[in-house]
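Reading the structure
What follows is the residue order along each chain.
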Amino acid sequence: MTEFEIQATSENSLTLAVSGRIDSVTAILFRHAMQEAVKHARHIILNLSSVDYINSAGLREIVYGYNALQQVHREICIIQPTEQVFEALNMAGLDTLLSVFDRVEDATKRFE
Amino acid sequence: MSVDAQIEEVPRICEWVTNLALKAGMPQQEAYRVELAVDEVCTNIIEHGTGQLDRLAGCTSNTIEVRCQSNGVQFLTVIIDDCPPFNPLELSDPDPVKPLDQRPENGGGWGVYFVKALMDQVQYEYRTPRNYLYMLKRI
């Protein structure tokens, strides 16, 4: 079961927490959650600490979120990716093109 | 195993292959890489080969066949489809340092790139009327 939760973190940022698998079946749900989060025009802290699997279709949605937020001068950052998720991010170069943090506080501070 | 070429079937294929890889003695982390590679290949076949997204193409039976074999040292996964001949290995690699706003929205070949990065050896063969993709991973 893949689940998504959006929570306001501060005035200008929110957290999108995902748990479960992001594969070709659930990537569409991830896109919907990302679209919902993007609507708020706040920075997005994407919490992937409970995601044990992501494929290229899932990564595509992160890129979508990044590009959508760029248009409103907002950013997306990733916190606490699991080993598997980090490997996928790394293969696609997203670990260096996006900010990746170990702690929620560090991500929140960035957007203060 | 042979399944309908539908995206909903991909997790079932992945689970089947992963279990066989683990049974063959592959460590969890390596079995995960095999799973991801199988996912990417099957998703590509379904999205681009069977005409569900790309209406220009089409295969005859709309099924994907997956075979696995192990000799204790290596684990071989073969993915077979009867879509029109297509060698995914001929696709040019995407660039991991390319800025995100310059990447194509439809993905741009990351799936095949992942497969090549995750597996030790990948080979393609077309034997009329089917495409065969052989993926080898050391146990």
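Keep in mind that this is a model prediction, so the values were computed, not measured.

**A short note on the overall build of chain B**
- Regarding its fold elements, chain B presents three helices and five strands.
- Going from the N terminus to the C terminus, chain B shows its helices and strands as β-α-α-β-β-α-β-β.
- Residues classed as buried in chain B amount to 36% of the 139 residues present.
- Considering only intrachain contacts with a sequence separation of at least 6, the fraction spanning at least 24 residues in chain B is 62%.

**As for the overall build of chain A**
- Helices and strands together make up the secondary structure of chain A, namely five helices and five strands.
- Secondary structure elements of chain A occur, N-terminal to C-terminal, as β-β-α-β-α-β-α-α-β-α.
- Taking 112 residues into account, the globule formula puts the C-alpha radius of gyration at 13 Å, and chain A, at 12 Å, falls close to it.
- C-alpha extents for chain A along the principal axes are approximately 30 × 25 × 25 Å.
- Buried positions account for 42% of the 112 residues belonging to chain A.
- Considering only contacts in chain A between residues 6 or more positions apart, those separated by 24 or more positions represent 72%.

**Quick look at helix α3 (residues 83–91) of chain A**
All names here are of chain A.
- If you check which residues of α3 are buried, you get V85, A88 and L89. Seen from one end, α3 has its buried residues packed into an arc of 100°, which puts them on one side.
- Turning to α3, the residues buried within the fold contact β3 (43–54), α2 (56–70) and α4 (94–97).
- With its phi angle positive at about 80°, G93 sits one or two positions after the end of α3.

**Thoughts on the sheet that holds β3 of chain A**
Residue and element names in this part refer to chain A.
- The five strands lie next to each other as β1-β2-β3-β4-β5, forming an open sheet whose pairing is mixed. Two strands close off the open sheet at either side, each with one partner strand: β1 (3–8) and β5 (99–101). Averaged over all adjacent pairs, the angle separating strand axes in this sheet is 25°, with direction ignored.

**Here we look at the pairing of strand β2 (residues 13–22) of chain A**
Residue and element names in this part refer to chain A.
- Here six bridges tie β1 to β2, and the two strands are oriented antiparallel to one another. Bridge pairing in β2 links E3 to S19.
- Hairpin connection, β1 to β2: the antiparallel pair is bridged by four residues.
- Judged from the nine bridges that link them, β2 and β3 form a sheet pairing that is parallel. Note on β3: the bridge partner recorded for A17 is N47.
- In this fold, the crossover linking β2 to β3 by way of helix α1 (residues 27–39) has right-handed handedness.

**Comments concerning the interface of chain B and chain A**
- Counting from both sides, the interface comprises 20 residues of chain B and, opposite them, 17 residues of chain A.
- Of all the secondary structure elements, the ones that give two or more residues to the side of chain B that touches chain A are α1 (10–23), α2 (28–49) and α3 (110–118) of chain B.
- Element by element, the count of residues in the side of chain B that touches chain A is highest for α2 of chain B, at five residues.

**Examining the nonpolar core**
- Residues L46 and L59 of chain A together with A37, V38, V41, C42 and V115 of chain B are the most contacted members of the largest nonpolar core, which totals 66 residues.
- The leading source of residues in this core is α2 of chain B, at ten residues.
- Those residues in contact with C42 of chain B that sit more than four places away from it in its chain are V10, I13, I64 and I79 of chain B.

**So, the confidence of the model for chain B**
- Of all residues in chain B, 88% have pLDDT values of 70 or greater, and the mean over the chain is 89.
- Both scores are given for the predicted complex: the pTM is 0.91, the ipTM 0.90.

**Re the pairing of β3 of chain A**
Residues and elements named next belong to chain A.
- Of all twelve residues making up β3, nine are buried, and the element is well covered by its neighbours.
- By the bridge criterion, four bridges tie β3 to strand β4 (residues 76–79) in an arrangement that is parallel. In the sheet register, L46 faces β4, and the bridge partner there is I78.
- For the handedness criterion, the β-α-β arrangement of β3, α2 and β4 is classed as right-handed.

Conventions used here
Residues numbered from 1 in each chain as written. Chains lettered and ligands numbered in written order. Predicted model: local features only at pLDDT ≥ 70, side-chain atom pairs only at ≥ 80, totals over all residues. Helix = DSSP H or I, 4+ residues; strand = E, 2+ residues; numbered from the N terminus. Buried ≥ 20, exposed ≤ 12 C-beta atoms within 10 Å, placed from the backbone. Contact = placed C-beta atoms within 7 Å. Rg over C-alpha atoms; globule rule 2.2 N^0.38 Å. Arc of directions from axis to C-beta. Pairing = 2+ DSSP bridges. Axes fitted to C-alpha atoms, helices over the stretch in contact; angles between N-to-C directions. Right-handed = clockwise from strand over helix to strand, strands pointing away. Core = buried A, V, L, I, M, F, W, Y, C linked by C-beta atoms within 7 Å. pLDDT = per-residue confidence, 0-100.

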